[in-house]
Amino acid sequence: MNQSDCLAKAGLALVLGICLTGGLAAQNAPPAPQGALAHLLVTVEARHGSNAPEVGRDDVMVYEGHDRDRVADWVPAQGDNAGLDLFILLDDGSNTSLGTQLEDLRQFMNAQPASTRIGVAYMQNGIARVGQSPTSDHALAAKALRLPMGIGGINASPYISLSDLIKRWPEGSPRREVLMVSDGIDPLYGTGDLQDPYLDAAIDDAQRAGVVVFGIYTPGIGHFGHSYWRTYWGQIYLSKLTDQSGGEGYDIGFTGPAVSFHPYLTDVETRLAHQYFLTFIPKPRKKSGWERVKVSTEVSNGELVSADKVYVPAGTP
């Protein structure tokens, strides 16, 4: 065999190798995301105990009804992605017994990492009156805490105040979350069913903005503060809000205040430390709109908590 034949065969082998290698790489590489993408902030919690397990991208399942959607990304809210804006939203119609919990709240605020900016607002007459805009100076934010005014009827509806906060809250952090302290009672709508339009509007606003809400029950002033009927529904409303926004609600199941907020705040802190940014490819749709989703995992002792609806932009993969 002469030299030119050897070079020709070597060149052919090289081309075949490149084609084969490229073909295998293309076959093994995950397909690029196509179409509209949907996003959720997800919290990993432990089914038993307090040690949340590690959950990887391949462990996450997203369902729309019986259809499973493809996970495009799963990023822990840590390191460069740890940024958090957290608002402490207090009901100015609360009983002044809330004052005994302020030190627990201050300690919780001061214990947050430097990547967290904290704001403080009070619910008054259907608005969120901001006492301190989100700041990385946690001691400064803690100084904005004060006793509630404790005036009956000063807060038209806690859910209108929450909507006001969300609508006026500029986007600036990967995560925006609220710790809401209230009796949950809505004087504008009343009680007795789950059709409160102000509550539903607040849930929609939170889900659309990707805001997770945590809620701590504390009794209000006056007759409503010791009415089992009113407080029962107030706690249910708070629970519905926190559950459907992807947060957690805390109460003792009675009309009275909790002895201490400390165990609640410890749980909130644990949840904030185990959050992930989920991106997935929803079913194609011609019009933008809400879609119910279920996020789950089979990882032992792991459970995924998120909003139960996501706003899906129009797009066809």
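Each chain carries its own residue numbering, running from 1 in the written order of its sequence. Residues qualify for local features only when their pLDDT is at least 70, as the model is predicted, and side-chain atom pairs are given and counted only at 80 or more; totals for whole chains, interfaces and linings, by contrast, use all residues. Note: side-chain values were computed over all heavy atoms of the structure, leaving out hydrogens and water.

Engineer: Mind showing me how you'd approach helix α7 (residues 262–272) here?
Structural biologist: Residues lying three or four places apart along an α-helix face the same way, a consequence of the helix completing one turn every 3.6 residues. Classification of residues uses two cut-offs on accessible area relative to the type maximum, computed with a 1.4 Å probe and protein chains only: under 20% is buried, over 50% is exposed, and between them is partly exposed. Only runs of H or I of at least four residues qualify as helices and only runs of E of at least two qualify as strands under DSSP, and these elements are numbered from the N terminus. Every buried residue belonging to α7 is among Y264, L265, V268, R271 and L272, and all of these are buried. The buried residues of α7 occupy an angular sector of 120° when the element is viewed end-on, so they sit on one face. Arc, as used here, means the arc of the directions from the helix axis to the C-beta atoms.

Engineer: So what exactly am I meant to see when it comes to the pairing of strand β5 (residues 116–124) here?
Structural biologist: Within a regular beta strand, the side chains point alternately toward one face of the sheet and then the other, so they alternate between its two faces. When you tally the buried positions in β5, you get eight out of nine residues, the bulk of the element. For two strands to be treated as a pair, DSSP must find at least two bridges joining them. In terms of strand pairing, β5 meets strand β6 (residues 127–135) through six bridges, oriented antiparallel. If you follow V120 over to β6, its bridge partner there is Q132. If you look at the hairpin formed by β5 and β6, you'll find two residues sitting between the two strands, and N125 has a positive phi there, around 50°.

Engineer: I'm lost on the nonpolar core in this one. Help?
Structural biologist: The nonpolar side chains of a soluble globular protein tend to be buried with one another. Grouping buried Ala, Val, Leu, Ile, Met, Phe, Trp, Tyr and Cys residues that are joined through side-chain atoms within 4.5 Å yields what is termed a nonpolar core. In terms of nonpolar packing, the biggest core is built from 31 residues, with I88, M109 and F261 touching the most fellow members. Of all elements in the fold, only β4 (84–91), α2 (102–110), β5, α3 (138–142), β7 (175–182), β8 (211–217) and α7 reach the threshold of two or more residues within this core. Contact criterion: two residues are considered in contact whenever any of their non-hydrogen atoms come within 4.5 Å of each other. With near-sequence residues (within four places) excluded, F261 lies in contact with L98, Q101, D104, L105, V181, I216, Y217 and T218. M180, Y217, Y237 and L238 belong to the second largest nonpolar core, which has 23 residues in total.

Engineer: Explain the environment of I236 to me, please; I cannot follow it from the model alone.
Structural biologist: Along the chain, the position of I236 falls in helix α6 (residues 228–245). According to the relative accessible area criterion, I236 is partly exposed, its value standing at 25%. Each C-alpha atom of the pair I236 and I185 lies 9.3 Å from the other, and the pair is 51 residues apart in sequence.

Engineer: What exactly am I supposed to notice about the side chain of Q235 here?
Structural biologist: Following the sequence through the fold, Q235 ends up in helix α6. Filtering out sequence-adjacent residues up to four positions away, Q235 remains in contact with D183, Y217, D251, G253 and F254.

Engineer: Looking at this model, I keep getting lost on the packing of aromatic side chains. Mind explaining?
Structural biologist: Centre distance and the angle of the planes are the two values used to describe a pair of aromatic rings. Pairs were defined over the aromatic rings of Phe, Tyr and Trp, the Trp ring being its six-membered one, requiring ring centres within 6.5 Å. Orientation was assigned from the angle between planes: stacked under 30 degrees, edge-to-face over 60, tilted for the rest. Scanning all chains against the criterion turns up eight aromatic pairs. Relative to Y276, the ring of W74 has its centre 4.4 Å away and its plane inclined at 10°; by these criteria the two rings are stacked. Here W74, found in strand β3 (residues 67–76), pairs with Y276, found in strand β10 (residues 275–281); they are 202 residues apart in sequence, far enough to count as distant. With centroids separated by 5.7 Å and ring planes inclined at 85°, the aromatic side chains of Y232 and W233 adopt a geometry described as edge-to-face. Y232 sits in the partly exposed class, given a relative accessible area of 38%. Within the aromatic cluster, the residues linked to one another by ring pairs are Y159, Y232, W233 and Y237. One cation-aromatic arrangement involves R176 over W169; the distance from NZ or CZ to the ring centre is 5.6 Å. Two conditions define a charge sitting above a ring: the NZ of Lys or the CZ of Arg must be within 6 Å of the ring centre, and it must be within 35 degrees of the ring normal. One cation-aromatic arrangement involves K309 over W290; the distance from NZ or CZ to the ring centre is 5.0 Å.

Engineer: Quick question: what am I supposed to make of the pattern of salt bridges here?
Structural biologist: Should the charged atoms of two oppositely charged side chains come close, the side chains can pair. Salt bridges are defined as contacts in which a side-chain nitrogen from Lys or Arg sits within 4 Å of a carboxyl oxygen from Asp or Glu. Considering all chains together, one arrives at 13 salt bridges under this definition. Ionic pairing is found between E103 and R106, a salt bridge with its closest N-O pair at 3.5 Å. Taken together, the residues span about one helical turn, with E103 and R106 both in helix α2 at a distance of three residues. Owing to a relative accessible area of 27%, R106 belongs among the partly exposed residues under this scheme. Between R168 and D164 there is a salt bridge; the shortest N-O distance is 2.8 Å. Pair noted here: R168 and D164 are both in helix α4 (residues 158–168), with a separation of four residues, about one helical turn. When its relative accessible area of 47% is taken as the criterion, R168 is described as partly exposed. Classification of D164 as buried rests on a relative accessible area of 18%.

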